[in-house]
Amino acid sequence: MLFSTSLILSCALLGCAVGFLAGLLGIGGGLIIVPMLSAILIGFSILPAEQVIVVAIATSLASILFTSTSSALAHHRNNNIPWHIAPWVMSGVAMGALISGFLTTLIPALVIKWIFLVCVVLIAINMVISSKRGDNAKQRALPGGPFISVITSIMGALSAMIGIGGGVLIVPLLCFFSVDMRKAIGCATVSGIVIALFGSIGYIVSGSEKLSLQQGFAGYVYLPALFGIVLTSWFTAPLGAKATQYLPVATIKKVFAFILVVIAGKMLFY
């Protein structure tokens, strides 16, 4: 019991930070959850080292399903979800999440890592520059819905393959097309639900024959860790969403850029 309680408490502490960032920035928190949860699983000797990363990614996606839902509800109450854009984004990331399993077998993991790493760094630079320009930034017309779906399907595939919610890429994309930062974050939270749902289903099905429910697993999803993360992230996500109503957009962009730099650093040495 002490063992299980300690693990759940460790995951609950992780969920506090992840939930707040999910609400504040529209990111599911997977790039924070995956390395931290991997360390927790190794520390508690839950699995052989070669299985840890897959379980961490699967559990991350499952937790994002709950965290993004809580965050999306809060953003909806604050009128921060642009529903004329959201269906196109959601359909795109759903398609991307579905095909991610096939892409994983075709594209080497190292290639995926470096593509994502370069994108994150460039996005961070753009966020800092746009935060300084403020209202003087160049206004770009939002493209048609089908184009948005195509672009976000690529982002959804990349996100599902490495166990994140998609906001890291979707928020900057919408901001690039002059969508208000708060509404871009709100839209990203909704898309995170879709990515997490389809991604989690894939990991549960594929891992069902390798890990059992008696061991605490639903496929590759480790249920005690999932419980611990969601136990706190469900409640801290609305706090992050509320914070977006009071922080200046330029400040949110700088925080987002800082998180991206941290993410890039983690990926470089992970």
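Look up: the structure comes first, before these words.
Residues numbered from 1 in each chain as written. Predicted model: local features only at pLDDT ≥ 70, side-chain atom pairs only at ≥ 80, totals over all residues. Heavy atoms only, no water.

**Student:** Can you walk me through unusual backbone geometry in this structure?
**Tutor:** In terms of backbone geometry, most residues other than glycine have negative phi values and most peptide bonds are trans. The backbone of Ser45 shows a phi angle near 55°, a positive value even though the residue is not glycine. Positionally, Ser45 belongs in the loop between α2 (30–43) and α3 (49–77). Owing to a relative accessible area of 61%, Ser45 belongs among the exposed residues under this scheme. Of note, Ser178 is a non-glycine position whose phi angle comes to about 65°, a positive value. Mapping Ser178 onto the fold places it in the loop between α7 (167–176) and α8 (181–207). By relative accessible area, which is 26% here, Ser178 ends up partly exposed. (Helix = DSSP H or I, 4+ residues; strand = E, 2+ residues; numbered from the N terminus. Buried < 20%, exposed > 50% of the residue type's maximum accessible area, 1.4 Å probe, protein only.)

**Student:** Hey, could you run me through empty space enclosed by the protein in this one?
**Tutor:** Counted according to the given criterion, the structure contains two cavities of 30 Å³ or more. In this model, the second largest cavity occupies a volume close to 40 Å³. In terms of lining, the second largest cavity is formed by Leu142, Pro143, Phe147, Ile148, Ile151, Leu173, Leu174 and Phe177. Residue assignment for the lining of the second largest cavity shows that the elements contributing at least two residues are α6 (145–162) and α7. For the lining of the second largest cavity, the element with the highest residue contribution is α6, accounting for three residues. In the lining of the second largest cavity, the residues fall into eight nonpolar, no polar and no charged. (1 Å grid on protein atoms, 1.4 Å probe; cavity = no way out; pocket = protein on both sides within 12 Å on 5 of 7 lines; lining within 4 Å. Points joined across faces, edges and corners; volume = space filled by probe spheres on them. Nonpolar A, V, L, I, M, F, W, Y, C, P; charged D, E, K, R; others polar.)

**Student:** Sorry if this is basic, but what is going on with α8 here?
**Tutor:** Each turn of an α-helix holds 3.6 residues, which means side chains three or four residues apart point in the same direction. For α8, with 27 residues, the first-to-last C-alpha span of 38 Å sits near the 39 Å given by 1.5 Å per residue. Between the side-chain oxygen at the start of α8 and the backbone nitrogen of Arg182 there is a gap of 3.0 Å, and the oxygen is on Asp180. (Expected span 1.5 Å × (residues − 1). Polar contact = N/O pair within 3.5 Å; in protein donor to acceptor, adjacent residues only side chain to side chain.)

**Student:** Got a minute to help me understand the environment of Val118 in this structure?
**Tutor:** With respect to the element layout, Val118 can be found in helix α5 (residues 109–133). A C-alpha to C-alpha distance of 8.3 Å links Val118 and Ala264, two positions 146 residues apart in sequence.

**Student:** What is the right way to look at the side chain of Thr236 in this model?
**Tutor:** As for its placement among the helices and strands, Thr236 is situated in helix α9 (residues 223–243). Using a relative accessible area of 14% as the deciding quantity, one classes Thr236 as buried. Residues contacting Thr236, with those up to four places away along its chain left out, are Gly15, Cys16, Gly19 and Phe20. (Contact = heavy atoms within 4.5 Å.)

**Student:** Honestly, the packing of α3 against α9 in this entry has me stumped. Any pointers?
**Tutor:** When two helices pack together, their arrangement is captured by the angle between the axes and the distance separating the axes. With their axes 8 Å apart at the nearest point, α3 and α9 run at an angle of 25° to one another. With respect to α9, the element α3 is oriented roughly parallel. Crossing hand, α3 versus α9: right-handed. Residues Thr59, Ala62, Ser63, Phe66, Thr67, Thr69, Ser70, Ser71, Ala74 and His75 of α3 form the contact with α9, whose own contacting residues are Ala225, Leu226, Ile229, Val230, Ser233, Trp234, Ala237, Pro238 and Ala241. Of the residues assigned to the contact of α3 with α9, the class counts are eleven nonpolar, eight polar and no charged. (Axes fitted to C-alpha atoms, helices over the stretch in contact; angles between N-to-C directions. Parallel < 35°, antiparallel > 145°, perpendicular 65-115°, else oblique. Left-handed = near helix turned anticlockwise from the far one by under 90°.)

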